[in-house]
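# Understanding the architecture of this molecule
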Amino acid sequence: MKNTQLKNPTIKGGYFIIGDTPPEELFIAEEFDEEAIMMGDTVREFCVKEIQEPFFKCGKELVVTNEADKAEVLAILKRAGDLGLCGVSISEENGGMDLDFKTNTLISSKLSYGFSFATTLGAQTSIGCLPIVYYGNEEQKQKYLPKIASAEYVAAYALTEPNAGSDANSGKTNARLSEDGKYYLINGQKIWITNGGFADVYIVFAKIDTDEKLSAFIVERTFEGFSVGAEEKKFGIKGSSTVQIFFDNCKVPVENLLGEQQGGFKMALTILNGGRIKAGAGAIGGAINGLDRAVQYAKERKQFKVPISSFGAIQYKIGDIAMRIFANQAACFRTADLIDKKYNSLRSSGLSDGSAKIKAISEFAIEASIVKVKGSELVCYALDEAMQIHGGMGYSSETGLGMGYRDARITKIYEGTNDINALLAVAELSKRGMLTKELDLVGAGKKIPTFLLSQINPFRSKSNDKEQDRIVKGLKYSFLYISGMAGKKLKKKLIDEQEIILNLSTILQEAYVGETALLKVQKLRGLPDSDKNKLAIQKQMVQLYLYEALEKSKKAALEAIASFSTGSEKWRHIKIINRMLKPYDINPKTLRRNIAQALIESGEYVY
Amino acid sequence: MNLLVCISKTPETTAKIAFKDENSSFDTDGVQFIMNPYDEWYALVRALELKEQHGGKVIAINVGDSSNDPVIRKALAIGADEAVRVDIEATSSFFVAKQVAEYAKSNDIDIVFTGKETIDYNGAEVGGMIAEMLEQPYFSFASHMDHDGSTATVTRDIEGGVEVAEINGKFVISAAKGLAEQRIPNMRGIMMAKRKPLNVIPAVEAEGNVKVLSYELPPVKGGITMVDADDMDKLVKLLHEEAKVL
């Protein structure tokens, strides 16, 4: 799978589905420099000191509907500001650190040690301030960013409305110019505003007059006509503030229009794209925490005179979660690094800092959606199983697992629901293939017959490398094949067949994550200083991941086929998919056991 | 005030300990290293506080090869102004003390800080040796220290209580819990760390007349045998035949 038309093919969003990436081009977590690692450690230490020790480890939960807890959360945020944690994405001249995207992603991953505080700090450093970082003019940057970096100002992002959630552009909040032309008068309401209860600055999206698209405004809490509702009572992330905000002829100075008029919708999407990768990273961090606690408990808890970690049923869970963490984390850092690479190439071609960041993030919208969906599914699964391993103890508030379980659930909902993101990934890819023609999906699809011919041999290859290679190719080609066939059959009606698009999305997700896991191990094998013992386990994780990816994708592929074809046509498709996704002959039980035993030995996830 | 803080690299607290070369040296394979917590949390932070109060500079010193640099840069990230690494393997407490003392002598150091011990070999020796070599007073296990710029009041932990002493002039102090509160390196500090000087200097000669013969892990704890409270015969038998204490 090669595409020679693109100048820098691997730094192209969605390219993974039509072409190969050489392993040496993949960024892996082992390549983070000393500075990034130290920053990650600082975030972790901060969360342990401020959240885990005083609250989590004592079975306490911060609940912001309680005023004292709300004040405590705000105080913790201010202390995070003192440590520089609020300025990670802000330029140095505006009081921040201007860290690259992958270091930011690493930080998001470590923030998971702070449970719901990750949401509070995430809103401050990501959705609350990035609109100004990316789109603000110099005056706006100088006025707001230094104060957000130091946490003197708390920032929030206000997009959702009672009747405008996933369909964000349908919002009713309106802005009109005052008679003297000095203010926009905003009227309307926004809901689910993270940090809203104590924020000083809100990025608010509203339509000016009868505009078709949203514009963005910087609204200060003190502006006339602005008010904040009560704290929402939520299922989880109770330590993060979530409120409604109201605008009653709220007077916003004209200079607080952020970016271009009607540029708000695009801005909102760009900000969410970037946020999705960090949300995915945070979710994976949460899964690691849950797994570590489960391993620790399983080693200590004895039943039938032996630690429960010695049981196959428990090892199944530990091995399975660890394998998924390995693959998804690799995909997460891969995506973050691609954004950095794209940004650097755009900068060297003369684009401004803000524009280069926006373009680089938008470029990897497909991968961002995948990382978000997969990461959030993983953390929910991992914490469910971590609780299961703890048995009755897991259900007790004392262990804090229930809090983690509830906190994790939001990750499938925020930054765009998983359903929307899964659909978006496919929609964006097809747009790039069919509309803008950035990706030669048709050309890649033409190679399917050659691939199928190579799969005629009924005997499996003796080389594990070749087997893994054909699985990744099979995932990619089966996506191309089914999307091609479904498109041919249903034409424009395909867009209404969300079930089929979700099936396609499943294959797309597995192709990206599966390929990344394989590339990581291939890269590690080529590095002279790789830890051999770790590598032995990582190789097994890849085998297990590809096995799972193949089985899951096959089910999705067959369901899709049954949705759009019948009779002999259907059987022809099934035959082709069976050849593309031939079973992977491994022993999953042994692999899970081996992985689990390595984790039980090390006591924590170290891969 | 010139403050010198000894920084040691120690295995991470959960590291698995194993030995090699016929049990005569620590097997570092696969071990993660950290800054010795007594050096980081108490010695370094108290030195930084003194500098913030009275001015001057904080210099972190370490004896070892370049693999120690990440740990040294963490000291710079936390706030040390500069660092020195004596470029040679640290073979014994005496050898390390000699290197530190020589540096302190030629750099007009007012106070030398060490942690009360390193969490690996637990020698608690280096501070005392440095003091002897510098012919200065030594305060071990200090849990509190006030300094008005000329006179220091030091509280030392002693068996069952504390001892409070006063000192004018230069001295060496080993830091115990309580001397300061851990500081997490802030983001700016981390970014500044690589811009601060880390000077690598050659070692001075020192007699290496101590040779470790062997290390041994603590014996594995045996299992517990439960004996029925009424079964005294069995208990006596076990104590006699297995525990061999009767």
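Not measured: the values here are computed from a predicted model.

### Notes on the overall build of chain A
The helix and strand inventory of chain A stands at 20 helices and 10 strands. Relative to a compact globule of 607 residues, whose C-alpha radius of gyration would be 25 Å, chain A shows 24 Å and is just as compact. By residue count, 59% of the 607 residues in chain A fall in the buried class. Sequence-distant contacts in chain A: of pairs separated by 6 or more residues, those separated by 24 or more amount to 77%. Taken as a whole, chain A presents about 24800 Å² of accessible surface, with 52% of it coming from carbon and sulfur.

### A few points about the domain arrangement of chain A
Examined at the domain level, chain A breaks down into domain 1 (155-262) and domain 2 (437-602). On a C-alpha basis, the centroid separation for the pair domain 1 of chain A and domain 2 of chain A is 44 Å.

### With respect to the nonpolar core
Core analysis: the largest hydrophobic core is formed by 144 residues, its most contacted members being I318, I482, L508, M580 and Y605 of chain A. If you count residues domain by domain, this core takes at least three from each of domain 1 (155-262) and domain 2 (437-602) of chain A. Once you skip the residues sitting within four places of it in the chain, M580 of chain A turns out to touch I448, F451, L452, R470, G474, Y477, S478 and Y481 of chain A. If you look at the next biggest cluster of nonpolar residues, it comprises 89 residues, including V43 and F247 of chain A together with V71 and A75 of chain B.

### Concerning the sheet that holds strand β6 (residues 57-63) of chain B
All names here are of chain B. Here nine strands make up an open sheet; going across it, the order is β11-β10-β9-β12-β8-β1-β6-β7-β13 and the pairing mixed. Strand pairing shows two members of the sheet lacking a second neighbour, β11 (161-168) and β13 (198-201), which therefore form its edges. Looking at each pair of strands side by side, their axes are set apart by 35 degrees on average, direction ignored. The sheet contact formed by strand β9 (residues 138-147) and strand β10 (residues 151-158) spans five bridges and is antiparallel.

### Details of a negative patch on the surface
All names here are of chain A. On the surface, a cluster of negative charge is made up of E92, E93, E138 and E139. Its place among the elements puts E93 in the loop between α2 (67-82) and α3 (101-111). Relative accessible area serves as the criterion here: at 70%, E93 is assigned to the exposed category.

### A short note on the pairing of β6 of chain B
Looking down a regular strand, the side chains alternate between one sheet face and the other. All names here are of chain B. Burial runs high along β6: six of the seven residues are buried. Where strand β1 (residues 2-6) and β6 come together, five bridges link them in parallel fashion. By the bridge assignment for β6, L3 is matched with V58.

### Regarding the side chain of R470 of chain A
Residues and elements named next belong to chain A. Here R470 shows up in helix α16 (residues 464-490). Engagement of the side chain of R470 in a polar contact is seen with the side chain of E467, the distance being 3.1 Å. For R470, the residues in contact, after removing those within four places along its chain, are F451, Q455, L550, M580, L581, K582, P583 and Y584.

### Considerations on the environment of G64 of chain B
Residue and element names in this part refer to chain B. The topology assignment puts G64 in the loop between β6 and α2 (69-78). G64 sits in the buried class, given a relative accessible area of 5%. With 22 residues separating them in the primary sequence, G64 and V86 have C-alpha atoms 6.2 Å apart. If we skip the residues at most four places from it in the chain, G64 touches R85, V86, D87 and I88.

### Here we look at the interface of chain A and chain B
Listed per partner, the contact involves 20 residues of chain A and 17 residues of chain B. Overall, the association of chain A and chain B removes approximately 1700 Å² of surface from exposure, summing both partners, and the carbon and sulfur fraction of that is 55%. By the criterion of area lost to chain B, the three top residues of chain A are E34, E35 and M38 of chain A, representing 31% of everything that side buries. Taken together, the connections running from chain A to chain B amount to four salt bridges.

### Regarding the environment of F101 of chain A
Along the chain, the position of F101 of chain A falls in helix α3. For F101 of chain A, the contacting residues outside a window of four places in its chain are G274, I277, K278, A336, I339, D340 and I361 of chain A.

### What about unusual backbone geometry?
The backbone of D209 of chain A shows a phi angle near 50 degrees, a positive value even though the residue is not glycine. Here D209 of chain A is to be found in the loop between β4 (201-208) and β5 (215-220). Positive phi is not limited to glycine here, since F141 of chain B has a value of about 50 degrees. The residue F141 of chain B is located in strand β9 in this model.

Scoring rules and cut-offs
- Counting restarts for each chain: residues are numbered from 1 in the order of the written sequence.
- Here chains are named by letter from A upward and ligands by number from 1 upward, in the order in which they appear as written.
- Side-chain atom pairs in this predicted model are given and counted only at pLDDT of 80 or more, local residue features only at pLDDT of at least 70, and totals for whole chains, interfaces and linings cover all residues.
- Only hydrogens and water are set aside; all other atoms, that is, all heavy atoms of the structure, feed into the side-chain values.
- Each helix is a run of DSSP H or I of at least 4 residues and each strand a run of E of at least 2, with the numbering of both proceeding from the N terminus.
- C-alpha atoms define the radius of gyration in this analysis, and the globule rule sets the expected value at 2.2 Å times the number of residues to the power 0.38.
- For each residue, the accessible area found with a 1.4 Å probe, counting protein chains only, is set against the maximum for its type, and the residue is called buried under 20%, exposed over 50%, and partly exposed in between.
- Residue contacts are counted whenever heavy atoms from the two residues lie within 4.5 Å of one another.
- Shrake-Rupley sampling with a 1.4 Å probe provides the accessible areas, and residues are treated as covered by the protein chains on show and by no other component.
- An automatic or database domain assignment is the source of the domain bounds shown.
- Here, nonpolar core refers to any group of buried Ala, Val, Leu, Ile, Met, Phe, Trp, Tyr and Cys residues whose side-chain atoms link them within 4.5 Å.
- Between any two strands, at least two bridges found by DSSP are needed for them to pair.
- Geometry is summarised by axes, namely lines fitted to C-alpha atoms with helices restricted to the contacting stretch, and by angles between N-to-C directions that run from 0 to 180 degrees.
- For patch detection, residues must exceed 30% relative accessible area and be free of salt bridges, and they are connected within 9 Å for like charges or within 5 Å for nonpolar side chains (Val, Leu, Ile, Met, Phe, Trp, Tyr).
- Any carboxyl oxygen of Asp or Glu that lies within 4 Å of a side-chain nitrogen of Lys or Arg is treated as forming a salt bridge with it.
- Only four residue types enter the charge count, namely Lys and Arg as positive and Asp and Glu as negative; His and the chain termini do not.
- A single reference atom marks each charge: NZ on Lys, CZ on Arg, CG on Asp, CD on Glu.
- Nitrogen and oxygen atoms within 3.5 Å of one another constitute a polar contact, given that in protein one can donate a hydrogen and the other can accept it, and given that sequence-neighbouring residues count only through two side-chain atoms.
- Buried area: the sum, over both parts, of the accessible surface (1.4 Å probe) that disappears when the two are put together.

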